[in-house]
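# Fold and geometry: a report
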Amino acid sequence: MGSEEIEGLLEEIKSFQASSAAEVEEFRVRFLGKKGVLRELFAQLKEADASSKKELGQLINQVKESAEQKIAALKNAGIEEGSLIDVLDLTLPGVAQNLGTRHPISIIKNRMCEIFEKIGFNISEGPEIETDWYNFTALNIPEDHPARDMQDTFFLQTNPDILLRTHTSPQQIRVMESTKPPIRIICPGRVYRNETISARAHCIFHQIEGLYIDENVSFADLKQTLFHFTKEMFGKETKTRFRPSYFPFTEPSAEMDISCLICKGKGCSVCKNSGWVEILGCGMVDPAVLENCNIDSTKYSGFAFGLGVERPAMLTYRINDIRLFFENDIRFLKQFQSA
Ligand code: PHE
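Cut-offs and rules
Position numbers for residues start from 1 in each chain and track the written sequence from start to end. In keeping with the model being predicted, local features are shown solely for residues with a pLDDT of at least 70 and side-chain atom pairs are shown and tallied solely at 80 or more, while totals for entire chains, interfaces and linings include all residues. With hydrogens and water excluded, all non-hydrogen atoms of the structure serve as input to the side-chain values. Method remark: on a 1 Å grid restricted to protein atoms, a set of points is classed as a cavity if a 1.4 Å probe fits but cannot get out and as a pocket if it is open with protein on both sides within 12 Å along at least five of seven lines; lining residues have an atom within 4 Å of a point. Grid points are joined across faces, edges and corners, and a volume is the space filled by probe spheres set on the points. Helix and strand labels come from DSSP, where a helix needs a run of H or I of at least four residues and a strand needs a run of E of at least two; each type is numbered from the N terminus. Only Asp, Glu, Lys and Arg are considered charged, only Ala, Val, Leu, Ile, Met, Phe, Trp, Tyr, Cys and Pro nonpolar, and every remaining residue, Gly among them, polar. Think of it this way: one heavy atom of a residue within 4 Å of a molecule or strand is enough to make that residue near it. Counted as a polar contact is a pair of N or O atoms within 3.5 Å, where, for protein atoms, one must be capable of donating a hydrogen and the other of accepting one, and residues adjacent in sequence contribute only when both atoms are in side chains. Every accessible area reported is derived by Shrake-Rupley at a probe size of 1.4 Å, with residue values counting cover from the shown protein chains alone. By definition, two strands form a pair when at least two bridges between them are found by DSSP. Residue contacts follow a heavy-atom distance rule, with two residues in contact if any of their heavy atoms lie within 4.5 Å. To obtain an axis, a line is fitted to C-alpha atoms, over the contacting stretch when the element is a helix, and the angle between two such axes runs from 0 to 180 degrees between their N-to-C directions. Using a 1.4 Å probe on the protein chains alone, a residue whose accessible area is under 20% of its type maximum counts as buried, one over 50% counts as exposed, and one in between counts as partly exposed. Convention used here: angles under 35 degrees read as roughly parallel, angles over 145 as roughly antiparallel, angles from 65 to 115 as roughly perpendicular, and any remaining angle as oblique. For any pair of crossing helices, the crossing counts as left-handed if the nearer helix is rotated counterclockwise from the farther one by less than a right angle, and right-handed if it is rotated clockwise. Among buried residues, the Ala, Val, Leu, Ile, Met, Phe, Trp, Tyr and Cys ones that are joined through side-chain atoms within 4.5 Å form a nonpolar core.

### Observations concerning the layout of surface pockets
- One number sums up the size of the second largest pocket: a volume of about 260 Å³.
- Elements with a contribution of two residues or more to the lining of the second largest pocket: helix 6 (104-118), strand 4 (183-192) and helix 12 (324-327).
- Each residue belonging to the lining of the second largest pocket can be placed in one class, and the counts come to four nonpolar, six polar and five charged.

Here it is, written out as C-alpha cells:
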C-alpha cells in the first residue's frame, strides 16, 4: 500500500456518482463494509514501517471521512429509490449548517471598541513586534529604569532592541509622532508578558488603550469618559473608584476599579472579598512623552488609559480560568453568541 494508491481511492470517492439507493449501498459496502477497503487499509497500516505510518494514517482517515461524507451527501440529495429526480422532495427542510461563533475575547473587545467609537474615538492598530523606542523609551521609560521590571518582556532572539510589545501604548506613540492634535484614538490588540501562566494570568492577553490629546484636556475629561464607558459596558448600577498609582508615561496616574459584577460589591472569591475589581490604569499624559513625539506640551495636554479585555470577559461570562481563552476547545468556544 502506498500513498499514491490511497490518493487514487480519494479521487474515486470524489468523482463517484449514484443514481439509485442500491448504488449508494454498494459504494458503502465497498468502502465501509466489514470486508471493505478501509478495513483492509487499516490492517495494512499496522504492517507499514514506522516512518510512513503517520502520513499513511492521515490519508486513510481522509478516505474514511470522504467516503462517509459522500454517502451522507448522496442520501441527503434524496437518493432513496429509483432515480434522483423521481424522489427529489423540494419541500424537505434544508440541512442545518454549523455556523462558527466569535471568540469571547473578540465579542468583548468589539463591544468595548464600539462604546468608544460612538463618542468619537478612532481605532488604530499597530505591530505586535516593537522596538525598544516605542515600547519603552518614548514612553518615558529609559534604559535601566526600574519601571521596566513592571513589564516582564519577551525579547526577540538576541537583539534587546526588538521585542514583543508588552502593552499597546507603543501604537499611541506612533500616532502622536505622525498626527497633529486633536488626537482621539483607541488601540486594541494582543500583548505579551513573560508571566507564569495560571488561572489568573497568561503570557498573552489583550488590551484596549485610549488616548485623547487636545488643548485644555483635564482629568475631569478622563473621569467622565471612563464613567460613561463603565455604565455602557457593565450597566448603570456599576460603581467606580479611582486609586492613585504610578505609570512612567502619565502624571498624575490612577487605577480604576469597578464594583464586582459577581457579588455586586458584597464580597466574593472573585474580588477577594473587597467588593472591587481593578480594570484599568490611566492618567494625564506626561509632558515628556508629548515632547518625545514633537507635540508642544505647553499648548496641548491629554489623557491615556489602558484597559484589559480578559478580566471584563471573565466577569461578564463568569469564567474562572484565563487559560480557557487560549486552549481553543470548541466545546468552550461555541457557547458564546456574538451580539
Ligand atoms: N500601558 C499601561 C500598562 O499596560 C496601561 C496604561 C495605559 C496606564 C495608559 C496608564 C495610561 O500597564
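Structure's up, so let's keep going.
### A look at the site of the ligand
- His167, Ser169, Arg193, Gln207 and Glu209 are the nearest of the 14 residues found near the ligand.
- A distance of 2.9 Å separates a nitrogen atom of the ligand from a polar atom in the side chain of His167.
- Within the side chain of Gln207, one N or O atom sits 2.8 Å away from an oxygen atom of the ligand.
- Alone, the ligand offers 320 Å² of accessible surface; in the complex the protein occludes 93% of this.
- For the shell around the ligand, the elements supplying multiple residues, two or more each, are strand 5 (204-214), strand 8 (276-285) and strand 9 (301-308).
- If you tally residues by element for the shell around the ligand, the top one is strand 9, at three residues.

### Topic: the sheet that holds strand 4
- Taking strand neighbours across the sheet as the criterion, the seven strands line up as 1-4-5-9-8-7-6 in an open arrangement whose pairing is mixed. On the outer flanks of this sheet lie strand 1 (122-123) and strand 6 (240-247), each paired with one strand and no other.
- For strand 5 and strand 9, the ladder comprises eight bridges, and the chain directions are antiparallel. Its bridge partner lying in strand 9, Leu211 is registered against Ala304.
- Of the strands in this sheet, strand 6, strand 7 (250-259), strand 8 and strand 9 are in contact with helix 9 (residues 219-234), which crosses strand 9 at around 30°.
- Its contacts with the sheet put helix 11 (residues 310-317) on strand 5, strand 7, strand 8 and strand 9, and the angle it makes with strand 8 is roughly 150°.

### What about the pairing of strand 9?
- Of all eight residues in strand 9, six are buried, a share of seventy percent or more.
- Pairing of strand 8 with strand 9, which is carried by five bridges, proceeds in the antiparallel orientation. Bridge pairing in strand 9 places Gly283 opposite Ala304.

### Focus: the packing of helix 1 (residues 3-15) against helix 2 (residues 21-32)
- Running from N to C, helix 1 and helix 2 point in directions that differ by 165°, and their axes come no closer than 12 Å. When the axis of helix 1 is compared with that of helix 2, the two are roughly antiparallel. Helix-helix and strand crossings are classified by hand; for helix 1 and helix 2 the assignment is left-handed. Contact with helix 1, carried on its side by Leu9, Glu12 and Ile13, involves Phe27, Arg30 and Phe31 of helix 2 and no other residues of that element.
- Residue composition of the contact of helix 1 with helix 2, grouped by class: four nonpolar, no polar and two charged.

### Structural notes on empty space enclosed by the protein
- Taken as a whole and assessed by the stated rule, the structure comprises one cavity of 30 Å³ or more.
- Taken as a whole, the largest cavity spans an internal volume of roughly 40 Å³.
- The residue inventory of the lining of the largest cavity, partitioned by class, reads six nonpolar, one polar and no charged.

### Structural notes on the nonpolar core
- Grouped together as the largest cluster of nonpolar side chains are 43 residues, with contacts concentrated most on Met112, Phe229, Leu280, Phe303, Phe305, Leu307 and Phe325.
- Counting only elements with at least two residues in this core, the list comes to helix 6, strand 5, helix 9, strand 7, strand 8, strand 9, helix 11 and helix 13 (330-333).
- With seven residues, the single largest contributor to this core is helix 6.
- Discounting residues that sit within four places of it in the chain, Phe229 has contacts with Met112, Ile115, Phe116, Phe234 and Leu307.

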